[in-house]
Amino acid sequence: MEWFDDLVPAILGGLYDFRVPVAIASVLAAGGLAVLALRRDWLGRARRHPRASAAVLVPLLAVALPVAWYLASPLVLTASINEPPPVLPGASPPASVAPSGPAGASLTPRPSGPAATPSAPATSLLARSGAFQGSDDFHFGRGTARLIETAPGSFVVRLEDFAVRNGPDLYVYLSPDATGYAEGAIELGRLKADTGNQNYALPTGTLSDPSRAASVVIWCKQFSHLFATAPLAG
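Residues numbered from 1 in each chain as written. Predicted model: local features only at pLDDT ≥ 70, side-chain atom pairs only at ≥ 80, totals over all residues. Heavy atoms only, no water.

**Q** With reference to specific residues and values, describe the packing of aromatic side chains.
**A** All told, the structure shown has three aromatic pairs when counted by the stated rule. Here tyrosine 173 and tyrosine 181 contribute two aromatic rings whose centre-to-centre distance is 5.0 Å and whose plane-to-plane angle is 85°, an arrangement assigned as edge-to-face. The partly exposed category is assigned to tyrosine 181, whose relative accessible area is 35%. Consider the rings of tyrosine 181 and tryptophan 219, whose centres lie 4.4 Å apart with planes at 15°: the pair is stacked. Here tyrosine 181, found in the loop between strand S6 (170–175) and strand S7 (186–190), pairs with tryptophan 219, found in strand S9 (residues 215–220); they are 38 residues apart in sequence, far enough to count as distant. The exposure class of tryptophan 219 is buried, given its relative accessible area of 14%. Put simply, the rings of Tyr173, Tyr181 and Trp219 touch in pairs and so form one group of aromatic residues. Note that lysine 192 overlies the ring of tyrosine 200, its terminal NZ or CZ placed 4.8 Å from the centroid. (Phe/Tyr/Trp six-rings, centres within 6.5 Å; stacked < 30°, edge-to-face > 60°. Buried < 20%, exposed > 50% of the residue type's maximum accessible area, 1.4 Å probe, protein only. Helix = DSSP H or I, 4+ residues; strand = E, 2+ residues; numbered from the N terminus. Lys NZ or Arg CZ within 6 Å of the ring centre and 35° of its normal.)

**Q** Run through the side chain of asparagine 197, naming residues and quoting values.
**A** As for its position among the elements, asparagine 197 is in strand S8 (residues 195–201). Ignoring any residue separated from it by four or fewer positions in sequence, one finds asparagine 197 in contact with Ile81, Asn82, Glu83, Arg158, Leu159, Glu160 and Asp161. (Contact = heavy atoms within 4.5 Å.)

**Q** Break down the sheet that holds strand S10 (residues 225–231) for me, with residues and values.
**A** The five strands lie next to each other as S3-S10-S9-S6-S7, forming an open sheet whose pairing is antiparallel. Strand pairing shows two members of the sheet lacking a second neighbour, strand S3 (133–134) and S7, which therefore form its edges. Both S9 and S10 contribute to a ladder of six bridges, which runs antiparallel. Bridge assignment links tryptophan 219 to a residue of S10, and that residue is leucine 226. (Pairing = 2+ DSSP bridges.)

**Q** Got a sec to walk through the sheet that holds strand S5 (residues 154–164)? Specific residues and values, please.
**A** Across the sheet, which stays open at both edges, the five strands sit in the order S1-S8-S5-S4-S2 with mixed pairing between neighbours. If you trace the sheet from one side to the other, it starts and ends with strand S1 (80–82) and strand S2 (127–131), each paired once. This sheet shows a mean twist of 25° between the axes of neighbouring strands, independent of strand direction. The pairing of S1 with S8 spans three bridges and is classified as parallel. In the sheet register, serine 80 faces S8, and the bridge partner there is threonine 195. (Axes fitted to C-alpha atoms, helices over the stretch in contact; angles between N-to-C directions.)

**Q** How would you sum up the confidence of the model for the chain? Please name residues and give values.
**A** Across the chain, the average pLDDT comes to 76, with 62% of residues at 70 or higher. Scored below 50 in pLDDT, residues 96–123 makes 13 contacts in the model with residues more than four places away or belonging to other chains. (pLDDT = per-residue confidence, 0-100.)

**Q** Outline the nonpolar core, supporting the account with residue identities and numerical values.
**A** Core analysis: the largest hydrophobic core is formed by 26 residues, its most contacted members being Phe132, Leu159, Leu174, Leu191, Val216 and Ile218. Of all the elements in the fold, those that place two or more residues in this core are strand S4 (141–151), S5, S6, S7, S9 and S10. Among the elements that line this core, the one with the most residues is S5, at five residues. Among residues more than four places away in sequence, those in contact with phenylalanine 132 are Gly141, Arg142, Gly143, Thr144, Ala145, Leu159, Phe162, Val216, Ile218, Ala228, Thr229 and Ala230. If you look at the next biggest cluster of nonpolar residues, it comprises six residues, including Tyr171, Tyr173, Trp219 and Leu226. (Core = buried A, V, L, I, M, F, W, Y, C linked by side-chain atoms within 4.5 Å.)

**Q** An account of the side chain of serine 175 is needed here, citing residue identities and associated values.
**A** Here serine 175 lies in strand S6. For serine 175, a relative accessible area of 1% puts it in the buried group. Ignoring sequence-local partners within four residues, the contact set of serine 175 consists of Gly180, Tyr181, Ala182, Ala185, Arg212, Ala213, Ala214, Ser215 and Val217.

**Q** Can you explain the pairing of S2? Please cite residues and give values.
**A** Residues Arg128 and Gly130 point to one face of S2 and are all buried, whereas Ala127, Ser129 and Ala131, pointing to the other face, are not buried. Bridge analysis of S2 against S4 gives five bridges, and the strand direction is antiparallel. By the bridge assignment for S4, arginine 128 is matched with leucine 147.

**Q** Tell me about the layout of surface pockets, and name the residues and values.
**A** The space that makes up the second largest pocket amounts to roughly 180 Å³. Lining the second largest pocket are twelve residues, with Asn166, Gly167, Leu170, Leu191 and Lys192 sitting closest to its centre. Of the residues assigned to the lining of the second largest pocket, the class counts are six nonpolar, two polar and four charged. (1 Å grid on protein atoms, 1.4 Å probe; cavity = no way out; pocket = protein on both sides within 12 Å on 5 of 7 lines; lining within 4 Å. Points joined across faces, edges and corners; volume = space filled by probe spheres on them. Nonpolar A, V, L, I, M, F, W, Y, C, P; charged D, E, K, R; others polar.)

So this is what it looks like as structure tokens:
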């Protein structure tokens, strides 16, 4: 049934790509059904046969209402998150100031060797970044994507000042194609929020060659639709 698994996303993706014509056609069809119902007195028949009417309407509404909410709710709902940057190896906590006694005398012995210098903040072994762009006028994308190597072979994708058009079933991918989602893209997990700073750790061993990471992608799995892309450079 592999063909069926590919067919359903293709159909849903086609419907999503042509959502405006489909919505117009649906409104026209609903209006035509309403006119037909008035002419044939479907309402009167439903009142005369309430059980049969309920047997038809209840299953129909049980399917239609959740589907409508699933598709429309991301347009009105939003979520935000603010995760701190990933911790890099070798970072030193701020040096504490030794308390002093009377007349400013230090309570701790001074080192006899050369004056100690504070260690520099740790830097990532690799940092590539790019700005997000939406796939079209409706699917906007803003902010910066960064690929950060926090330790040899360990990577984190960080989204900063990020915002994207909310949608159903959105996931974050690290793609080998600078223009968007492609075969071989690494799935990093479901998008945590449509706005804010957020981190996504790559599964260990999935990125052997960092140069192959060409973009960070926001992808709708349900409809196989691209929402936003951030080409990586640096």
